[in-house]
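Commentary on secondary and tertiary structure
Here are the chains, one letter per residue:
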Amino acid sequence: MDQGVIRGRALTIHVDGIPVRAYQGQTIAAALLSEGIFTSRTINQQHLGVYCNMGICHSCAMTVDGIANVRICKTLVSDGCQVETQRFSKVEANG
Amino acid sequence: MADAFEAVIVGMGPAGMAAAIELCRRGAHVAVVDENPQPGGQVYRRFAQEFTAEDETSLGVNYAKGKKLIEEFWKVGKQCVVLNDTHVWGGFADNQLALRHADKIALIKYKKLLLAEGASERPSVFPGWTLPGVMTLGGLQKLVSREFLLPGKRFLIAGASPLLIPVAAEVLKAGGEVAGICTVVPLGRYLNLFPKLVFQREILFEAIRHAFEIVRRNAPVFSGYTVVSCAGEKRIRKAGIAKLDANGRIAGGSMRTFEIDILAASNGIITMSRLGRQLGCRHEYDSEGLCWQVKTAPFFRSSQADIYAAGDSHVIGGRDLAEWNGRMAGLEIAKDLGRIPADEFNRRLSDNAGRRERLRRYVSTLQRVLSPGANQIGRQDLNTIVCRCEQVTLGDVLSGIEKGCRTMHEIKRTRVGMGLCQGRVCESIVTEIILGKGIPIEEIGYFGIRQPIAPIPIALLERYAAQDARESA
């Protein structure tokens, strides 16, 4: 949707090494969703992505510039930032 | 040495901003803390400062209202210290709060603390709800109307929430295709809102505008339907909705399936009292809103000395009630700080009592009319995920209860609520499951919360400890 808004300056972020266009002022989540990238992390091959989009569910957590578990819905893009998908395996409960 | 304030306000939504305005007017030394870059909270969220909207009036009544309050906050609140992009990760002894801003940790001290943490949404749970492309109503709303982004072409909008109709209308207005609006609450029940809406004219006009958009664009409405399935591998591709009978079985011939890109669903708004719980404030269960709220008396004082609560983390009431209660909480704190006489506080309280009562009754009706109904989750397939973070299923939770877990603390043995979100998403669902087994709410309780109340990298704590050691040497 481009009607009705003038976005911030265009810049480039990298998602698992692939360049993705973004705009200053945008969250990483918005940048990824607008490019059709839906998966933030996987747990036992189950995909998780942006769910609450307001910092509560941590479902969208990715590794950003080397820091793990960053909520991309609360983190703004910056030129050249490196975003990586996180892959986990579940530890079985003993209960 | 920690910075010290007469009052610290946690949350910059309508309640937090209103309290800050009243306190600053009385000359108090105030700090306001919020995770977000700009004041407004969820309900009065601004779009990014780097963006320019061609026509702000198209953003709705809420946006204009929020703008007014935010302007008042910046004008009067000049005297207060605004700690944005900052979150409180714990309360400690001697009235200290631990903060994190980017990669820095700091402590601040308060004489009085106001909790205005806000609300979150009760998730709508069905098989496949963890697939990417399934979002909460509020999450999609933020994306469409504040981030100017349609994350797909075809949308299914579902649940039982005051956000249902607005979100559907906003998606349509932005040019999205709405495959269906699936309202758990039968449309006829909405009529009960009108007698109360007559006194809430701006909400009434907005509701009419939304309804008009839906009718004009011919979006199909499914009254009394629930989402029963969704499918897709890496993201949602298909969803099924149906009418359920009293036993939760799909009523004959009512099943419909849609090919969609995004499914937005949630079941109402619940309190998000995190710091309040960690600090040991007593809570009581709101059986109408189905969530725990901070117990306060008289007015906004919690059971803990020097701690007050207002806004949606105190009582679910929406933007207007939150603002009103925020102002009153600010004045009560000003009174307790000795900055205004008790009669001034009492006068302000009684001046607005009628309006407050009307708002309260409206909210109560809204909650009753839009209630998703008890024990929706108990009817789902046993393999349905309950805890997204730890991938714990309904079956796992039920077998935990069978093994003797009766409280929220005990049910953590199934690992439910033990993941990254610290139970923020699944708490209301798990509570509902245990309640469905006939265990009383007082015994069930809530997830206990300890510092850090939001995940922080351990390296930041190490660095802070090293710096603290150097300074005290």
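Fair warning: this is a prediction, and the values are worked out from it, not measured in the lab. (Residues numbered from 1 in each chain as written. Chains lettered and ligands numbered in written order. Predicted model: local features only at pLDDT ≥ 70, side-chain atom pairs only at ≥ 80, totals over all residues.)

1. Describing the domain arrangement of chain B
Residues and elements named next belong to chain B.
- Partitioning chain B into structural domains gives domain 1 (3–118 + 272–366), domain 2 (121–268) and domain 3 (381–473).
- Inter-centroid distance (C-alpha atoms) of domain 1 to domain 2 is 30 Å.
- On the domain 2 side, the residues contacting the eleven residues of domain 1 number twelve residues.
- In terms of residue count, the dominant contributor to the side of domain 1 that touches domain 2 is helix H11 (residues 353–369) (five residues).
- Of the residues assigned to the side of domain 1 that touches domain 2, the class counts are five nonpolar, three polar and three charged. (Domains from an automatic or database assignment. Contact = placed C-beta atoms within 7 Å. Helix = DSSP H or I, 4+ residues; strand = E, 2+ residues; numbered from the N terminus. Nonpolar A, V, L, I, M, F, W, Y, C, P; charged D, E, K, R; others polar.)

2. Things to note about the sheet that holds strand E4 (residues 41–43) of chain A
Residue and element names in this part refer to chain A.
- Strands sit in the order E5-E4-E9 across an open sheet of three strands; the sheet is mixed. Across the chains shown, the open sheet's two edge strands, defined by having one partner strand only, are strand E5 (46–48) and strand E9 (86–88). Within the sheet, the average angular offset between the axes of one strand and its neighbour, ignoring direction, is 20 degrees. (Pairing = 2+ DSSP bridges. Axes fitted to C-alpha atoms, helices over the stretch in contact; angles between N-to-C directions.)

3. Comments concerning the sheet that holds strand E15 (residues 256–259) of chain B
Residue and element names in this part refer to chain B.
- Spatially, the three strands line up as an open sheet ordered E13-E14-E15, and their pairing is antiparallel. Edge positions in the sheet fall to strand E13 (226–231) and E15, since each of these pairs with one other strand and no more. Strand after strand, the sheet turns through a mean of 25 degrees between neighbouring axes, direction not considered.
- Strand direction decides the pairing type here: strand E14 (residues 238–242) and E15, joined by four bridges, are antiparallel. Across the sheet, Ala-239 pairs through a bridge with Phe-258, a residue of E15.

4. A closer look at the packing of helix H12 (residues 394–402) of chain B against helix H14 (residues 427–435) of chain B
All names here are of chain B.
- Look at H12 against H14: their axes get within 11 Å of each other, and the N-to-C directions meet at 50 degrees. As the angle between them shows, H12 and H14 are arranged oblique. H12 and H14 meet at a crossing whose hand is right-handed. Contacts between H12 and H14 pair Leu-394, Val-397, Leu-398 and Ile-401 from the former with Val-430, Ile-433 and Ile-434 from the latter.
- Of the residues contributing to the contact of H12 with H14, the split by class is seven nonpolar, no polar and no charged. (Parallel < 35°, antiparallel > 145°, perpendicular 65-115°, else oblique. Left-handed = near helix turned anticlockwise from the far one by under 90°.)

5. Section: the pairing of E13 of chain B
Residue and element names in this part refer to chain B.
- Judged from the five bridges that link them, E13 and E14 form a sheet pairing that is antiparallel. Directly across from Ala-231, in E14, lies its bridge partner Lys-238.
- Adjacent in sequence and paired antiparallel, E13 and E14 are bridged by six residues, among which Gly-232 carries a positive phi angle near 155 degrees.

6. Some thoughts on the environment of Asp-351 of chain B
- For Asp-351 of chain B, the position within the fold is in helix H10 (residues 342–351).
- Asp-351 of chain B sits 105 residues away from Ile-456 of chain B along the chain, and the two C-alpha atoms are 44 Å apart.

7. Focus: the packing of helix H1 (residues 14–25) of chain B against helix H2 (residues 61–76) of chain B
All names here are of chain B.
- It is the contact of H1 with H2, at a shortest axis distance of 9 Å, that shows an interaxial angle of 35 degrees. At the point where H1 passes H2, the crossing takes the left-handed sense. Here Pro-14, Met-17, Ala-20, Ile-21, Cys-24 and Arg-25 of H1 lie close against H2, whose contacting residues are Leu-69, Ile-70, Glu-72, Phe-73 and Val-76.
- For the contact of H1 with H2, a count of residues per class yields nine nonpolar, no polar and two charged.

8. Brief notes about H11 of chain B
Residue and element names in this part refer to chain B.
- Spanning 17 residues, H11 covers 24 Å between terminal C-alpha atoms, matching the ideal 24 Å at 1.5 Å per step.
- Turning to H11, its buried residues number three or more, namely Leu-359, Tyr-362, Val-363 and Leu-366. Buried positions in H11, seen along its axis, are confined to an arc of 100 degrees and lie on one side of it. Exposed positions of H11 whose direction lies more than 90 degrees from the buried face are Ala-353, Gly-354, Glu-357 and Arg-361.
- Among the structural elements, helix H6 (194–197) and helix H9 (318–336) are those in contact with the buried residues of H11. (Expected span 1.5 Å × (residues − 1). Buried ≥ 20, exposed ≤ 12 C-beta atoms within 10 Å, placed from the backbone. Arc of directions from axis to C-beta.)

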